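Secondary and tertiary structure notes
So the chains spell out like this:
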Amino acid sequence: MPGYELKNKQNLSINISKADIMIIQQLSIFLENKSGRLTDVLEVLGSENIRITALSVADTAEFGILRVIVSEPEKAKELLKKNAFTVNITEVISVCAPDEAKHYAKVLKILSDRNISVEYTYAFSVEEKSIIILKCSNNLDAIGALKSHEVELLTSSDLYKI
Amino acid sequence: MDREGLRKVQSERLRETVERVYFNVPYYRNKMQESGLGPESIHSIDDLRYMPFTTKQDLRDNYPYGLFAVPMSEIVRIHASSGTTGKPTVVGYTRGDIATWSEVIARTLTAAGANRNDFIQIAYGYGLFTGGLGLHYGGEKIGASVIPISGGNTTRQIQLMHDFGSTILACTPSYALFLAEALSESGIKREELRLKAGVFGAEPWTENMRREIEEKLKIKAIDIYGLSEVIGPGVASECLEQDGLHINEDHFFPEIIDPNTLEILPDGTKGELVLTTLTKEGLPLIRYRTRDLTRLHHETCKCGRTLVRMDKCLGRSDDMLIIRGVNLFPSQVESVLLEISGIKPHYLLIVDRQNNLDTLELKVEVEEEFFHDKISELESLRQKIQQTLESSTGIGLKVTLVEPKTIERSEGKARRVIDKRKF
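Residues numbered from 1 in each chain as written. Chains lettered and ligands numbered in written order. Predicted model: local features only at pLDDT ≥ 70, side-chain atom pairs only at ≥ 80, totals over all residues.

This part is about the interface of chain A and chain B. The interface of chain A with chain B comprises 14 residues on the first partner and 14 residues on the second. Sorting the residues of the side of chain A that touches chain B by element identifies β1 (24-32), β3 (63-70) and β4 (87-98) of chain A as the ones contributing at least two each. The dominant element in the side of chain A that touches chain B, judged by the number of residues it contributes, is β1 of chain A, at four residues. (Contact = placed C-beta atoms within 7 Å. Helix = DSSP H or I, 4+ residues; strand = E, 2+ residues; numbered from the N terminus.)

Here it is, written out as C-alpha cells:
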C-alpha cells in the first residue's frame, strides 16, 4: 500500500488488513451555528437506536463540523442524508493510553517525529484510560509509527464496546 | 419643436439608421432578411414595429465588436459594462457619437439648472463605466468648470466640495446619501457649501430617497437615466419640475412593450422600455430591450419641453440586480460556484441597504461534493468563492455557508434573490 512503510522488523507482523481494521470510520456533519441543530442530529440517530462512542464539535462564527463515532456508520450516514444533512465519512484512528497528559504528549511526539501531522484530535476518559481520536495527514503511516512504539491502537469493534 | 416636426426628424433618422445597420452589420442584415425586410421597408417611425428586437444576449454573442457599424479606425472610445459570464458588454463611440453624448448630457445638466458658471463635481467612477466620462464631456460642453474627482475617497470629496465651491454633484443616489452622512460628521457646515443640485442615476432609487437627499444636502435631486449599450447617461433626465424624465427622443426612440407578448403598449401603461438609437454611428441599436420597467407620457411638461417623459424606473423584467451602480445577474454567481465547487449548489443572494449603501450576501448550501471535514478547507472554499466573485463582478460581498435544504424553494424552483431594498 503506498505510503505505508514498515520502519523496523518488529512490525513485520502487522499486515495491511490489520491496519485497515484500525482505521475507524467517523461521521463528519456540516452544521450551521444555530441552536437546536445538534439536538436534531442526535434525535435522527436516536430514532434508529444508533449508539455514539465519541463526539466533538469544531466551529467558526458561522458554521461548525460535528464529528461523531457511531455504532453503524454507513447506516447512520444514510439516515442523516435522508434528513437533509451534509455528511461525509472520514477515516480516523484511535489509541488507548493512561489518562495523564504525558501519555497524550508521547503519542503526538511519536507522530511529529515521523513528520506525520495531526489535523485534529479529541479525547475522552474511561476508567483512568484516555481514548484518543486522531485524524492524521496519513493514517496508515501513523498506525505504523504508533505500533512500533507499542502504543495501544483500538479497532472499531473495540471502540463500540466502550 | 412640435411633435409633428419631431416625428419627421425621427422618421428620417430611423431610415438612415436602418440603412446603416443593413449594409454595415451582418447580424442585422441577416435578421432583417429572415423577416423579409430590406432598408426600403422602413418608411417612417411607424414602421419601427416591424423591425426585430435586440437583446443583451445579441451583444454578448457578437462580443466584442460584432455589432459595430463602422470600421474600427472610426472608433475613438470604448466603454464596457459588466457582463453575465465574465464577458462585458462593449460599446464603441465615433467622434460623432461623443459629440451626440456631450449634447444629450449638456441637455441633462441644463435641465437640472446648470450653466457655464457652475462647478460640477463628478463623483461617478471614471473608466470603462460610462458615468464619469459621460457627465464630464457634457459638463465641458455647457462651459461649466468640471471637477473630475471620480468615485470614492469621501473625505476628499467633502473637502474639495467645500474648497472648490462645487455647485452641482453627479454620482449615484446612494453615494449622495453616504456623502450627506459623512458631511454631517465632517465639521464642515452646510452653509459653507455652494451646492445647489445633484444629478443622480445608474441605480434605482425611490421618492423617499430623493426627499432624504434633498433634506440632508439641501439641494434639488434630479434623476437621470441611461445605459451603456445605448450611450450611457444622457438617454433621459428630469427637469426642475421633477415630474418624469424627458427622453432625448430625437436621438433615442422609446417604445413600451409587454415583456411577455412583446406587444407595444399604449401611453401610461407599465411595461418594458425599448430604445432605438436614431443617430448613433459606432453601435446603432434597433429596438434594444432595456429590461427596465416604466411608463411613457406624451403630454407637454410644465417646463414647456415637448419631449416624451418616462416614469422613474419601476423595476426590471429580468433578474438583473443593480448593486452600488454595478449590474449583477444571478447567473454570474452560478458560473463562479460551478467553477469552484464543480457542481451547481443551491444559493441565495440577499441584497439590503444599510447606512445608505447596498450590501450583498451570498448563502451557499454545503453539499456532499464539496463538504470537507476540515474547518480550514471549508473556510478557504468560502474565501475563494468570495474573492472570485469580488474580482469578477467588482462588488464586495459576504459569503455564508449554510446547511442543505435551508434555502427556501418555491414550486420546486429555488428563489435566487431576496432584495430587501425598498424601491
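Back to the text.
Here we take up unusual backbone geometry. A negative phi angle characterises most non-glycine residues, just as the trans form characterises most peptide bonds. Omega for the bond connecting Y63 of chain B with P64 of chain B falls within 30 degrees of zero, at -5°, which places this linkage in the cis form. With respect to the helices and strands, P64 of chain B occurs in the loop between α3 (56-61) and β1 (75-81). Not every positive phi belongs to a glycine, and E150 of chain A is a case in point at roughly 55°. Relative to the elements of secondary structure, E150 of chain A occurs in the loop between α5 (139-148) and β7 (152-154). Under the C-beta neighbour-count criterion, E150 of chain A is labelled exposed, with 8 such atoms within 10 Å. Positioned with a positive phi, R287 of chain B is a non-glycine residue whose angle comes to about 45°. (Buried ≥ 20, exposed ≤ 12 C-beta atoms within 10 Å, placed from the backbone.)

Next up on the list: the pairing of β3 of chain A. Residues and elements named next belong to chain A. For β3, the buried fraction is high: eight of the eight residues fall into the buried class. Neither face of β3 is left uncovered, since the one carrying F63, I65, R67 and I69 and the one carrying G64, L66, V68 and V70 both have all their residues buried. Here β1 runs beside β3; their pairing, made up of six bridges, is antiparallel. Pairing of E32 across the sheet is with F63, part of β3. With seven bridges connecting them, strand β2 (residues 52-59) and β3 associate as antiparallel partners. Across the sheet, A58 pairs through a bridge with I65, a residue of β3. (Pairing = 2+ DSSP bridges.)

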